[in-house]
Amino acid sequence: LLQDAHNSSVLNNHVLGAFLHSGLVAGLSRPVEIQFWHDMVLDASNATCVFWQPGAGVGSTGSWSREGCKTTHRESTVICHCDHLTYFAVLLLPSGTLTPAQLASLTYISTIGCSLSAAATLCTLLLCCFSSTPCPHPSCRQWLRDNTTRIHMHLLATLLLLNCSFLLSTLLATSTEGLCRVTAALLHISLLCALAWMAAEAFHLLLLLVKVYNVYIQHYLLKLCLFAWGLPTLAVAAVFVFKSDTYGYHTISISEDNRNATIVPSTRCWLTSLPAHYATLCYAGLILLFNTLVLGKVVMILRRIGWQKGQVRKDWVTVLGLTCLLGTTWGLAFFSFGVFLIPQLYLFTIFNSLQGLFVCLWYITVHRRSKPGSISNTSR
């Protein structure tokens, strides 16, 4: 019953029928409003309001149709406005659903990648600690170099925290609700802080290349710490205190079989609120936009230097690689729709789970190649 030829699935398997005994109701000037509640984070592009349209031919059961219905999304609610009465539901499009094999492979990739990144990040962090010795003759350039190393250390710390909290979010998904909420909040803090330190890296890189001389910002590192550590932590703490249900069990729906509409949930500790989810995406988008603009500025400057001196090609490739590693791959999150969903998930999982390892390899390469007076040395 109410199963079309495509075996489409509906939200929570809930179908609502509304009729009047007086006859068919259609073409209403003031649409009726139907609300469907849920406890999962839905992709708005893959959840849409539909009604059941009986089949016209012999042997045709019918199909779901969107005609005359509009869809709006609020927190934990899908609202349908339709100009007629019949059977209504929220259709979950197949493009937004993973198979068990796909989810299992993505889980293995993320677990292995985050474990490697956590180990590599810890080793690189220790390397930074042993190599960051104070300079007996402070100057503007040496001040910038010292802060560059410290900024790298803060970024490495956030990546280490991000990898560890991500692994914990999966392990503690079966624990008590309170512990799961704390883990989800920790994961959210580490993600926001990591993105903020990527922006700090981009800003500092721009500062090094544009104003290497004649630059001084009082309490520079302290201000960066307040921006990259303080603001995200304060925001998440406020949300956790006043609206703790923003964090909790996040359900990923996967199709059990392509021939039926059964949905098997996979749970982890993460955001459960759509507004918080979209706010995080907007925050990441602004940082990626800033990093992209800095990347363009860096390319222009390094090309000009290369044309004048003809000796810094390897150096600007190193700096460009650093800038790409510290944010560009996160832009894949904005392609999670339609035919791009599955390839995007694999690329996003591979590149970003291994980001700590990439930074480790970059740091070792640049650290070994660094020479006094070179751009690679100042970017180190």
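Everything numeric in this text was worked out from a predicted model, so none of it was measured.

About the thresholds
- Residues numbered from 1 in each chain as written.
- Predicted model: local features only at pLDDT ≥ 70, side-chain atom pairs only at ≥ 80, totals over all residues.
- Heavy atoms only, no water.
- Helix = DSSP H or I, 4+ residues; strand = E, 2+ residues; numbered from the N terminus.
- Expected span 1.5 Å × (residues − 1).
- Buried < 20%, exposed > 50% of the residue type's maximum accessible area, 1.4 Å probe, protein only.
- Arc of directions from axis to C-beta.
- Bend = angle between axes of the 7 residues up to and from the residue.
- 1 Å grid on protein atoms, 1.4 Å probe; cavity = no way out; pocket = protein on both sides within 12 Å on 5 of 7 lines; lining within 4 Å.
- Points joined across faces, edges and corners; volume = space filled by probe spheres on them.
- Nonpolar A, V, L, I, M, F, W, Y, C, P; charged D, E, K, R; others polar.
- Disulfide = S-S within 2.5 Å.
- Salt bridge = Lys/Arg side-chain N within 4 Å of Asp/Glu carboxyl O.
- Patch = residues over 30% accessible without salt bridge, like charges linked within 9 Å, V, L, I, M, F, W, Y side chains within 5 Å.
- Areas by Shrake-Rupley, 256 points an atom, 1.4 Å probe, with all protein chains shown as cover.
- Pairing = 2+ DSSP bridges.

Asker: What is the right way to look at helix H7 (residues 341-353) in this model?
Answerer: The periodicity of an α-helix, 3.6 residues per turn, causes residues three or four places apart in sequence to face the same way. An ideal rise of 1.5 Å per residue puts 18 Å on 13 residues; H7 measures up with 17 Å between its terminal C-alpha atoms. By the burial criterion, the buried members of H7 are Leu 341, Gln 344, Thr 349, Asn 352 and Ser 353. One face of H7 carries all of its buried residues, which in axial projection span an arc of 125 degrees.

Asker: Would you mind showing me how to read helix H4 (residues 220-242) here?
Answerer: Relative to the 33 Å expected for 23 residues at 1.5 Å per residue, H4 spans 32 Å between its end C-alpha atoms, a close match to the ideal helical length. Along its length, H4 shows its largest kink, about 35 degrees, at Gly 230, and proline Pro 232 lies within four residues downstream of that point. When we look at burial in H4, the residues that qualify are Tyr 220, Leu 221, Leu 224, Cys 225, Ala 228, Pro 232 and Val 236.

Asker: Honestly, unusual backbone geometry in this entry has me stumped. Any pointers?
Answerer: Most of the time, phi is negative for any residue but glycine, and the peptide bond is trans. With a phi close to 55 degrees, Asn 12 is a non-glycine residue in the positive phi region. One can find Asn 12 in the loop between strand S1 (9-10) and strand S2 (16-17). Residue class for Asn 12 comes out partly exposed when judged on its relative accessible area of 32%. Not every positive phi belongs to a glycine, and Asn 13 is a case in point at roughly 60 degrees. Relative to the assigned elements, Asn 13 resides in the loop between S1 and S2.

Asker: Can you help me understand empty space enclosed by the protein in this one?
Answerer: By rolling a water-sized probe across the atoms, one finds the places where empty space is left. Throughout the structure, instances matching the rule amount to 3 cavities of 30 Å³ or more. In this model, the largest cavity occupies a volume close to 50 Å³. If you go around the largest cavity, you meet 10 residues; those closest to its centre are His 152, Leu 156, Glu 201, Val 359 and Trp 362. At the level of secondary structure, the elements contributing two or more residues to the lining of the largest cavity comprise helix H2 (140-171) and helix H8 (355-369). Class assignment for the residues of the lining of the largest cavity results in 7 nonpolar, 2 polar and 1 charged.

Asker: Explain the state of the cysteines to me, please; I cannot follow it from the model alone.
Answerer: The term disulfide refers to a covalent linkage connecting the sulfur atoms of a pair of cysteines. Tallied over the full model, the rule gives 3 disulfides. Note that Cys 49 is cross-linked by a disulfide to Cys 80, the S-S spacing being 1.9 Å. Where Cys 49 bonds to Cys 80 through sulfur, the torsion about that S-S bond is close to -80 degrees, and the disulfide is left-handed. Placement of Cys 49 in strand S4 (residues 47-54) and of Cys 80 in strand S7 (residues 77-82) is noted, with a sequence separation of 31 residues between them. Here the two residues Cys 49 and Cys 80 agree in accessibility, since each one is buried. Between the sulfur atoms of Cys 180 and its disulfide partner Cys 269 the distance amounts to 2.1 Å. In this structure, the disulfide formed by Cys 180 and Cys 269 twists by about -125 degrees around the S-S bond and is classed as left-handed.

Asker: Any chance you could explain the pattern of salt bridges here in plain terms?
Answerer: Here the idea is simple: oppositely charged side chains can pair when their charged atoms come close. Counted by the stated rule, this structure contains 2 salt bridges. Salt-bridge contacts for Arg 181 lead to Glu 177; the nearest nitrogen and oxygen are separated by 2.7 Å. In this pair, Arg 181 and Glu 177 are both assigned in helix H3 (residues 177-210), 4 residues apart and thus about one turn of the helix distant. With a closest N to O distance of 3.8 Å, Lys 243 and Asp 245 form a salt bridge.

Asker: Sorry if this is basic, but what is going on with a nonpolar patch on the surface here?
Answerer: On the surface, a cluster of nonpolar side chains totalling about 390 Å² of accessible area is made up of Phe 334, Phe 335, Phe 337 and Phe 340. Mapped onto the elements of the fold, Phe 337 is located in the loop between helix H6 (313-325) and H7. Note on Phe 337: relative accessible area 39%, which makes it partly exposed.

Asker: Looking at this model, I keep getting lost on the pairing of S7. Mind explaining?
Answerer: Walk down a regular strand and you will see the side chains alternate between the two sheet faces. Among the 6 residues of S7, 5 are classified as buried, and the element is accordingly described as predominantly covered. In the sheet, strand S3 (residues 32-37) pairs with S7 via 6 bridges, with the strands oriented antiparallel. Following the sheet pairing, Glu 33 is matched in S7 by His 81. Following strand S6 (residues 69-74), the chain reverses through 2 residues before pairing antiparallel with S7; Ser 76 in that reversal takes a positive phi of roughly 60 degrees.

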